Each structure stands twice: as C-alpha cells, then as structure tokens.
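Commentary on secondary and tertiary structure
Single-letter residue listing:
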Amino acid sequence: DTGVSQNPRHKITKRGQNVTFRCDPISEHNRLYWYRQTLGQGPEFLTYFQNEAQLEKSRLLSDRFSAERPKGSFSTLEIQRTEQGDSAMYLCASSHDRNQPQHFGDGTRLSIL
Amino acid sequence: GESVGLHLPTLSVQEGDNSIINCAYSNSASDYFIWYKQESGKGPQFIIDIRSNMDKRQGQRVTVLLNKTVKHLSLQIAATQPGDSAVYFCAETYNDYKLSFGAGTTVTVRA
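The structure reproduced in this document is the subject of the present report. (Residues numbered from 1 in each chain as written. Chains lettered and ligands numbered in written order. Predicted model: local features only at pLDDT ≥ 70, side-chain atom pairs only at ≥ 80, totals over all residues. Heavy atoms only, no water.)

1. Brief notes about the overall build of chain B
So the rule is basically this: Helical segments are the DSSP runs of H or I of at least four residues, strand segments are the runs of E of at least two, and each set is numbered from the N terminus. As a reference, a globule follows 2.2 Å times the number of residues to the power 0.38, and the radius of gyration itself is taken over C-alpha atoms. Each residue's exposure class comes from its accessible area (1.4 Å probe, protein chains only) as a fraction of the maximum for that residue type: buried when under 20%, exposed when over 50%, partly exposed otherwise. Residues are treated as being in contact if the distance between any of their heavy atoms lies within 4.5 Å. All accessibility values rest on the Shrake-Rupley procedure with a 1.4 Å probe; residue burial counts only the protein chains present in the view.
Helix and strand content of chain B: 0 helices and 10 strands. Moving toward the C terminus, one meets the helices and strands of chain B in the order β-β-β-β-β-β-β-β-β-β. A compact globule built from 111 residues should have a C-alpha radius of gyration of about 13 Å, and chain B, at 13 Å, falls within 12% of that. Taken over the C-alpha atoms alone, chain B extends approximately 40 × 30 × 25 Å along its principal axes. Buried residues in chain B amount to 43% of all 111 residues. Long-range contacts, defined here as pairs at least 24 residues apart, represent 49% of the contacts in chain B between residues at least 6 apart. When the accessible area of chain B is evaluated, it comes to approximately 5300 Å², of which 48% is carbon and sulfur surface.

See the structure below:
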C-alpha cells in the first residue's frame, strides 16, 4: 500500500500527558498537511510543510502543539500537556505539488481521559 | 436522489438511481475544489477535483459541476451502489494549500 500512513491509529491518554503522532506521506510528495477533525464536522487545517519547511500554521495550533518534518519525508505532531478539548481525529495528507489533490491517511484518533 | 437546495446533511437514495450532492462554498476567491468520500473510521478519500477555469469535469461514474456565479458545487454519482454509502465533503481553497471543508452530506443507499 503506497498511501499516506499514520501511527498510531488510536491513542488514549490521561489529561496532562504528552503525545506524539507520526505521518508517512506518499513517496515523493513534497507537501505534507495536518488537519484535525471532530465528530460530525469536516477536517480543519492545522499546518503544512513544503519539504522540510513549515510554511503555515493555523491559529488552532496553540503553543502546546508542535509539528516537524526534519528530512522532508515523515512528519511528527506533538501535543504537550493534553487537554480534554484535544480529543479528535488527527489527519495527515500529502500532495505532489500546489493545486494537486491532497491524499489523506486514516488518521490517529486521540482520546483524553 | 438529490439533496435539494444548498445543502442537506443526509441523502437517501435507491440503489441504481443517480445521486446529486450539493455544496455551497463560501469564498469567491477559491479557485480549486475537491470532493472527498469518508467512510466510518477512515480518512477522506479523493474522488474528483475541478479548477475554477472549468464548469464541469467527469470521472468514473462521477461528475462535478461548478457554478461560480452562485458559488455552488455539485457531485453527481451515476448508478449509485451500496459501496457509495459514506459522508461526502466538498473542499475549497484559494491559496493552494489550506483546504476548507463543508459540513458534509451523509449518503445512505437503500437496497
């Protein structure tokens, strides 16, 4: 399968803990995106990378959130001091270039106890 | 079956019939539009896209229509099958990276 891969698929943690998610994009896709989706809603943009450079961050991305794409391949999204409101599906997508369709992974579902 | 008007959250369609899913987008500056299908527990799956210099594009069993005058997008699915049951989202962008998604329409196919 050469699609976007996300790990873990599910994460359950206690409030206040740190969590990290990983995304492996489609090979040779230069752009990588992170979105958040809550139940019954469409995905909301969080941030995106062009190769290893993080070019845009949504105001939804508080200072507890950090994303990296160190070698322009896989990316990680870390949430520090998790809060109840962080419970959501975190989706990663990649695209070859601008105005090319973004292809999504199956997400990491985060549940905060 | 058709979601009448700008948007309805659910659409029930008989297997074999054609489906029409409507979407009203918000930003007149948007120039790229995508339809996604999302099944339970999975991420959005790309269906078809269209750029603002076009008003119609066809794929396999699907057609997207774009009316920029009224900021309206529609997805037509021919000969709807049980596997088409899912939530369908339209997405728009004006800056080529940030997709803004609509609320989604849940399509249920009746056997």
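2. A short note on the sheet that holds strand β3 (residues 19–24) of chain A
Residues and elements named next belong to chain A. Put simply, the test is: A pair of strands is treated as paired once DSSP finds two or more bridges between them. Only the stretch in contact is used when fitting a helix axis, every axis being a line fitted to C-alpha atoms; angles between N-to-C directions are given from 0 to 180 degrees.
Taken together, 4 strands build an open sheet; the order of strands is β1-β3-β8-β7 and the sheet is antiparallel. Since the sheet does not close on itself, it has two edges, and those belong to β1 (5–7) and β7 (65–68), each with one partner. Ignoring which end each strand starts from, the neighbouring axes of this sheet average 15° apart. Pairing geometry for β3 and strand β8 (residues 75–79), over 5 bridges, is antiparallel. Note on β8: the bridge partner recorded for Phe21 is Leu77.

3. Re the packing of aromatic side chains
Aromatic ring pairs are described here by two measures, namely the spacing of the ring centres and the angle between the planes. Convention followed: Paired rings are identified among Phe, Tyr and Trp, the last through its six-membered ring, by centres lying within 6.5 Å, and are further divided according to the angle between planes into stacked (under 30 degrees), edge-to-face (over 60) and tilted (the rest).
Per the stated rule, a full pass over the model turns up 14 aromatic pairs over all chains. A centroid spacing of 6.0 Å and a plane angle of 85° characterise the contact between A:Tyr35 and B:Phe101, whose relative ring orientation is edge-to-face. With A:Tyr35 in strand β4 (residues 31–37) and B:Phe101 in strand β9 (residues 100–101), this residue pair bridges two chains. Judged by relative accessible area, which is 0%, A:Tyr35 ranks as buried. Given the relative accessible area of 15%, B:Phe101 is considered buried. Taking 4.6 Å as the distance between ring centres and 55° as the angle between the ring planes, the aromatic pair formed by B:Tyr25 and B:Phe33 counts as tilted. Each member of the pair, B:Tyr25 together with B:Phe33, is buried.

4. Structural notes on the nonpolar core
As a reminder of what qualifies: For our purposes a nonpolar core is just a set of buried Ala, Val, Leu, Ile, Met, Phe, Trp, Tyr and Cys residues, chained together by side-chain atoms within 4.5 Å.
Counting residues in each nonpolar core, the largest one holds 20 residues, and the members touching the most others are B:Ile21, B:Trp35, B:Leu73, B:Leu75, B:Tyr88 and B:Val107. In terms of nonpolar packing, the next biggest core, distinct from the first, is built from 18 residues, A:Phe21, A:Leu32, A:Phe49 and A:Ala88 among them.

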